[in-house]
Number of protein chains: 2
Amino acid sequence: MATFAFHGDLVWAESPGRLRQVPDGYLLIQDNLILGVSEERPSCPVEEHQGSLVIPALYDLHLHAPQYAYCGLWMDEELLGWLEKHTFPIESRYKDPGFSDRAYGSLVDDITRSGTARFSMFGTIYADSTLALMAALERAGLSGYVGKVNMDRNSPDYYREETWESLAETERFLDAASSFGHVMPIITPRFTPSCSESLLEGLGRLAKERKVPVQSHLDENLSEIDWVRELCPWSRHYAETYERYGLFGDTPAIMAHCIYLDDEELGLMREKGVYVAHAPSSNANVSSGIAPVRKFLEMGISTGLSSDVAGGSSLSMFRAVTDAVQASKLRWRCVDSSLSALSFSDAFFLATKGGGSFFGNAGSFEKGYEADVLVIDDWKGGSVLHPELTPEERLEYYTYRHPDEFIAAKLVGGRRII
Amino acid sequence: MATFAFHGDLVWAESPGRLRQVPDGYLLIQDNLILGVSEERPSCPVEEHQGSLVIPALYDLHLHAPQYAYCGLWMDEELLGWLEKHTFPIESRYKDPGFSDRAYGSLVDDITRSGTARFSMFGTIYADSTLALMAALERAGLSGYVGKVNMDRNSPDYYREETWESLAETERFLDAASSFGHVMPIITPRFTPSCSESLLEGLGRLAKERKVPVQSHLDENLSEIDWVRELCPWSRHYAETYERYGLFGDTPAIMAHCIYLDDEELGLMREKGVYVAHAPSSNANVSSGIAPVRKFLEMGISTGLSSDVAGGSSLSMFRAVTDAVQASKLRWRCVDSSLSALSFSDAFFLATKGGGSFFGNAGSFEKGYEADVLVIDDWKGGSVLHPELTPEERLEYYTYRHPDEFIAAKLVGGRRII
């Protein structure tokens, strides 16, 4: 088995609020796994990155692949206008393989160059386009989940499926997607307003039969919540509209946003091990609000970060870390001073081990964790203070600036991406 | 007189909420001024930038030059801890010309490469270091105001002046700084808690005698406001502590932050033509809150944007534009839904003509305005949708991404910077 080590300044987060650092240390890697951290030079081959940061790669728990083409556009629109005027018309263009290949090509290139190792991604309603995206991500050496989106109601005629068609296409998608090694399928009801109860029921059955995880949206904004209450008058809360159909933790599940969870929903999230994908940039851009992330941490609810492209306006998960810190400070000041703000190390934990646990043992430098690693030549951006800073401080400085071109090496499950 | 034109896709803002665009147009420039915009090819020499954006350069109404060395560091600290543990110790190191030159060299390089044309900047309490900074900015061809900071109380012994010394050094600074052409001095009491009333009085006298503008901080956070009330029990509000001494619009003035202005202060800002430097990034990082910018616009209070390095964590004024939009949306959602959020074009106006008016006629493509111009090769970052987008849409897309390396040309007062 192939073993080697990165030599550099190691920093990682094993728990919220606490970074660990080993300056001038060695990260030992065997095939796809972390073997451990050493302060002594090991006997295996060493890849020299002295003076550079060696950190875990980051995880993006929620983004919309087809929306990357307009990430940072039309931000003045409210959610519903944005969906109708831009999102649905453009997503429908991915039916054309030429458009789909060009647009997804650019996304795959940019994720490859970024700090993101693994992700959970929405495609479009088109199975073939989504499979092509998965193939491109697989070729790039990346890992994660990609879903064919399901929508059979409250969507324009040109971008909506019949219920039977949505389920049949999802089955076909799951069959075809099983051939990839590192990029895996995920069941993806867009959100309750877009999915009839028959569709949700069918998707829940598929998730259970095929043992496939689930991703969707939950409690993003107040009018959406009212709408769900109207559509499902039997439900005690939004979460129940997924839970009733086996889409809420019966298999691993990620729910994006979770800004307005009530106490029962919070309890259910914890009990069923459902992940929050916290998307601070999107929640500001779409005027949704700010999720109570400190409460999730206190309750032990699994939480990771999300770029939520293109509600979010940046693909960078380093940017998501600082957005999460800033949003939590504004929440503390403007909404609820009983929940303290996130520290930098809290947010860095969320972007690494916090979200990484959705993918198994990932996001830390503990023994047996996936070898998802970044080497950052942060001395290139050197402040005059650089020589005086600790690796932890340099990580914070880099994270607020995060130029992708300083990434000198990137491993995903031990595979060399950069 | 030398006249030439930029050929490209012109976009600028003449008023809040409304962009103007001339696709495939010509921006005519004579020496340091805009001559006008034409859809027809002019007879003067044309610099070809077909397919690129041609836009006004941006203005940064408030930043701390010595803090750029740690922009994006120690963001977990609260304001007072941050000042004592990091800001004051590091600012005091600028007494050493070697340190000062290296640190300011990096700032000047990065501003030169950025979209910022003009600025109003705090230096340190050291006149010589501040003069050296001004000389470097002047050599780089940039424009704006730089102040020697005044502090004679509530500061550590190693970074505090005697009152007489602070005033004498300010006079010496003003004398020496009058030799620069485009970089000009500005009176800079750090803020009321750092300045005795004798010092404020002396500075007000100097501002009036020398006809020099003023910059300071106002109503940034609630405990700061309480502190000012304690220190100046005679004052009706924080603004009066400057106004009483001729530091509040008797000469042109910029006040950073202005989050918690009361009605009387709002009225005084308008009446005296005092500028707000709105600093959304800093106001989140330091957990201050969100300024009611829509109210400033409705009342006709002069307002520009600020990076507020290093309370703010980015030097980019494009980033400040999108931060202002996001913050205003969160304010609408979380604080006060009676004030609508800023649109992209509102915020772009603030970063150009809004703040630019502090420097004269600056920030627009109207005839007689300063030739402060950026050419952006935004096709380099091309989304698959790029060919379908209007110049206005491309400006928004670029602004959310803002890679400095796409800036193909930059003029400040007609001087070629890039």
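On a predicted model such as this, the values are computed, not experimentally measured, just so you know.

**Q** What is the right way to read the overall build of chain A from this model?
**A** Along the backbone of chain A there are 13 helices and 17 strands. For 418 residues, the compact-globule estimate of 2.2 N^0.38 gives 22 Å, and the C-alpha radius of gyration of chain A, at 21 Å, lies within 12% of that figure. Considering only C-alpha atoms, chain A reaches an extent of 60 × 50 × 40 Å along its principal axes. Every one of the 418 residues in chain A was classed for burial, and the buried ones make up 67%. Sequence separation of 24 or more characterises 75% of the internal contacts of chain A that already satisfy a separation of 6 or more. Charge separation in chain A, taken as the distance between the mean sites of 38 positive and 60 negative side-chain charges, equals 1 Å.

**Q** Honestly, the sheet that holds strand β14 (residues 303-305) of chain B in this entry has me stumped. Any pointers?
**A** To summarise the sheet geometry, strands pair through backbone hydrogen bonds and adopt either a parallel or an antiparallel arrangement. Residue and element names in this part refer to chain B. An order of β11-β12-β13-β14 is seen for the 4 strands of this open sheet, with the pairing classed as parallel. Both edges of this open sheet fall to β11 (214-218) and β14, since each of them pairs with a single strand only. If you compare each strand with its neighbour and ignore which way they point, the axes differ by 30° on average. Strand direction decides the pairing type here: strand β13 (residues 275-278) and β14, joined by 3 bridges, are parallel. The residue bridging V276 from the neighbouring strand is T303, located in β14. In the packing of helix α12 (residues 344-356) onto the sheet, the strands contacted are β13 and β14, and the crossing angle to β14 comes to about 110°.

**Q** I keep staring at the environment of F6 of chain A and nothing clicks. Help me out?
**A** Residues and elements named next belong to chain A. With respect to the helices and strands, the residue F6 is situated in strand β1 (residues 3-15). Look at F6 and you get buried, because its relative accessible area is 0%. Expressed as a C-alpha distance, the spacing of F6 and L27, which sit 21 residues apart in the sequence, is 5.1 Å. The contact partners of F6, leaving out residues within four places of it in the chain, are G25, Y26, L27, I29, E47, H49, V54, V373, V375, A409, L411 and R416.

**Q** Can you help me understand the pattern of salt bridges in this one?
**A** Side-chain pairing between opposite charges can occur once the charged atoms of the two side chains come close. Residues and elements named next belong to chain A. Enumeration according to the criterion identifies 52 salt bridges over all chains in this entry. Between E370 and R118 there is a salt bridge, and its shortest N-O distance comes to 3.2 Å. One end of the pair, E370, is in the loop between α12 (344-356) and β15 (373-376); the other, R118, is in strand β6 (residues 116-122), and 252 residues separate them in sequence. Assessed through its relative accessible area of 19%, E370 is described here as buried. Ionic pairing is found between K148 and E161, a salt bridge with its closest N-O pair at 2.7 Å. With K148 in the loop between β7 (143-147) and β8 (149-150) and E161 in the loop between β8 and α4 (163-177), this residue pair connects regions lying 13 residues apart in the sequence. In terms of burial, K148 and E161 fall into one category: buried. Here the salt bridges share partners, and the residues they tie into one network are D9, D378 and R394.

Thresholds applied
Residues numbered from 1 in each chain as written. Chains lettered and ligands numbered in written order. Predicted model: local features only at pLDDT ≥ 70, side-chain atom pairs only at ≥ 80, totals over all residues. Heavy atoms only, no water. Helix = DSSP H or I, 4+ residues; strand = E, 2+ residues; numbered from the N terminus. Rg over C-alpha atoms; globule rule 2.2 N^0.38 Å. Buried < 20%, exposed > 50% of the residue type's maximum accessible area, 1.4 Å probe, protein only. Contact = heavy atoms within 4.5 Å. Lys, Arg positive; Asp, Glu negative; His and termini not counted. Charge placed at Lys NZ, Arg CZ, Asp CG, Glu CD. Pairing = 2+ DSSP bridges. Axes fitted to C-alpha atoms, helices over the stretch in contact; angles between N-to-C directions. Salt bridge = Lys/Arg side-chain N within 4 Å of Asp/Glu carboxyl O.

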